[in-house]
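Residue-level structural notes
Listed below, chain by chain, are the residues.
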Amino acid sequence: MSKRIFVLLVLLMSMSLVGIIFVQAYYIKDSVKNERERFTFNVKKTLSYVSNAIEKKELDTYFKKYQNLVNANKQLDSVAVSQLFIYQQNNNTKETLIYKSGILEENYKLSSSLFDIGLDSLTIKNIIGNSKAEIYNNVDISDKDVDNAPIVNLIHGYLSEAQQNSFEKSFKALSKRLPVYKRVSEKQISDLLSKKLKEDNIDIDYQFAIYSNGLATKVRSEDFEKNEETTFSVPIFYDENNQTNYKLLVNFPDDNKFILSSIIGMILLSVIFTSIIIIAYSSALYQLVKQRKISQIKTDFINNMTHEFKTPIATINLALDAIRNPKIIDDKDKVLRYLGMIKEENKRMHAQVENVLRISKLEKNELNISKDRVKLHDLIEEAITHVELIVEDRKGSIKTFLEAEKSSVLANETHFTNVIVNILDNAIKYSPEAPQIEVYTENIGTNIILKIKDHGSGMSKAAQKRVFEKFYREHTGNIHNVKGHGLGLAYVKRIVDDHQGHIKVESEKDKGSTFIIKLPLIT
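Calculation criteria
- Residues numbered from 1 in each chain as written.
- Predicted model: local features only at pLDDT ≥ 70, side-chain atom pairs only at ≥ 80, totals over all residues.
- Heavy atoms only, no water.
- Helix = DSSP H or I, 4+ residues; strand = E, 2+ residues; numbered from the N terminus.
- Buried < 20%, exposed > 50% of the residue type's maximum accessible area, 1.4 Å probe, protein only.
- Areas by Shrake-Rupley, 256 points an atom, 1.4 Å probe, with all protein chains shown as cover.
- Pairing = 2+ DSSP bridges.
- Axes fitted to C-alpha atoms, helices over the stretch in contact; angles between N-to-C directions.
- Contact = heavy atoms within 4.5 Å.
- pLDDT = per-residue confidence, 0-100.

1. A short note on the overall build of the protein chain
When its secondary structure is counted, the protein chain shows 12 helices and 14 strands. Classification of the 523 residues of the protein chain by burial places 36% in the buried group. When the accessible surface of the protein chain is totalled, it reaches about 32500 Å², and 53% of it is carbon and sulfur.

2. Notes on unusual backbone geometry
Of note in this structure, Asn201 is not a glycine but carries a positive phi near 60 degrees. Note that Asn201 resides in the loop between helix H4 (186–199) and strand S4 (207–212). In this model, Lys395 sits at a positive phi of 60 degrees, which is unusual for a non-glycine residue. Tracing the backbone shows Lys395 in the loop between helix H9 (376–393) and strand S9 (397–402).

3. So, the sheet that holds strand S14 (residues 512–520)
By definition, the strands of a sheet pair up through backbone hydrogen bonds, in either a parallel or an antiparallel sense. On the basis of which strands lie adjacent, the open sheet formed by five strands has the order S9-S11-S12-S14-S13 and mixed pairing. Since the sheet does not close on itself, it has two edges, and those belong to S9 and strand S13 (502–508), each with one partner. When strand polarity is set aside, the average angle formed by the axes of neighbouring strands in this sheet is 15 degrees. Relative to strand S12 (residues 447–453), strand S11 (residues 436–444) is paired through seven bridges, and the arrangement is antiparallel. Paired with Val439 across the two strands is Ile452, which belongs to S12. Contacting S11, S12, S13 and S14, helix H10 (residues 413–429) runs over the sheet at an angle of about 170 degrees to S14. Strand contacts of helix H12 (residues 488–498): S13 and S14, with the helix running at about 140 degrees to S13, the strand carrying the most contacts.

4. Some remarks on the confidence of the model for the protein chain
Scored by pLDDT, the protein chain has a mean of 76; 72% of the residues are at 70 or more. Per-element confidence in the protein chain is highest for S12, whose mean pLDDT is 95, and lowest for helix H2 (residues 149–156), whose mean pLDDT is 36. Throughout residues 143–159 the model reports pLDDT below 50, and contacts reaching past four residues in sequence, or to other chains, amount to 26 contacts. Segment residues 477–485 is flagged for pLDDT under 50; beyond a separation of four residues in sequence, or across chains, it makes 20 contacts in the model.

Spelled out as structure tokens, the structure:
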């Protein structure tokens, strides 16, 4: 896959993921907004209902008291009747029109218990009006008893509904002077609110209060706090002019939780599915990057292996051609020399193939690593013997500072010797000048620490993080002065891990590297 196609795929996938997340967020936000609007509508509807119910209950209560007082005191202090009669007869049509209009005025003196306004008694004047038009055909006016008709009609016009409407206006004019706490109780408000809110499936805690001209009254719940942004309000106790100074206020401390609880299932599902998409996308992207990196590493590995095998194969071919030369084949010394070169180059290729096979077996857990009690110092000295001739040939040196008093570890002698050899070989390869290598051991607690330090080219911070990865080699541009294929240190890491140990590297560019291995001691 080309780099351009890879970048395009990543870009398209990222845009799709961002689009999905944006749509989900917008949908959730819109759902929350709709739920809040529905909640607001229901609360305002409830407040209007409570306000009207309180006013109606107060009016009905006092009207019943008024009716009871009137019925209990039938004696009228005074009565005044005013009557108007209009008679008109049309001789042509034989129709007689009788228009009657009357006013009945009744005066009562009642107990002041009706309104608690500090008076001993109340004088109530009740004025009842009635009018009526009657048309008769072919009837003589003298046949009608017009004298008694108005009084009868007035008595029939004494309607309770009309009386209640008249009483309502008068009551509102008087009751607005009463303190609000005498007109309604906290329990009455609480009961009405609870009942109506539950009907609208709003079952959360609330606080309420009645304010007059923006100031709190005695009618309020204990924990009420006014907040202009979250408090709902509705006018209450209108007067005879349909005006009021009172407002019923309600707020809900847990309204956000209630609103979210109604859509929490949808939000959780949305978050879960979006998270799955994000995880799947991240995994796919990681696999793409990993596969691309592996492909690149394999390409580098093939190139390195080709480069590593090319020289030995060329050397072997040249040696064989030389041996076939008639002038050389009879020269025993030269033949032996060329055969030795062929053997060394063959061993070199065999060692590289063994490294590849060893790593493959380690990954498949097919490499049988049996462990015995060994002394780490003995393994170090054995490993040094494998590379000391190469170091001497390059005019270098290996110095040992084996200061650990205890060095017994549980290890596989062959594999752990190879570990130390690989690190020493690495130190030699990455020392441009004569290699100067130092080997240290020390005891820390129940562990033994092995340090192998060189003064070579060192490595960058980025290389230190990946130096133990399979096939990884630090890029050196077009310079191929260091041979290898990035398997030695990967093998080292796997073996150390298998021995319950730990390995790390400390390095600085152009100042050398130090490999540090920590292994548990055995008693």
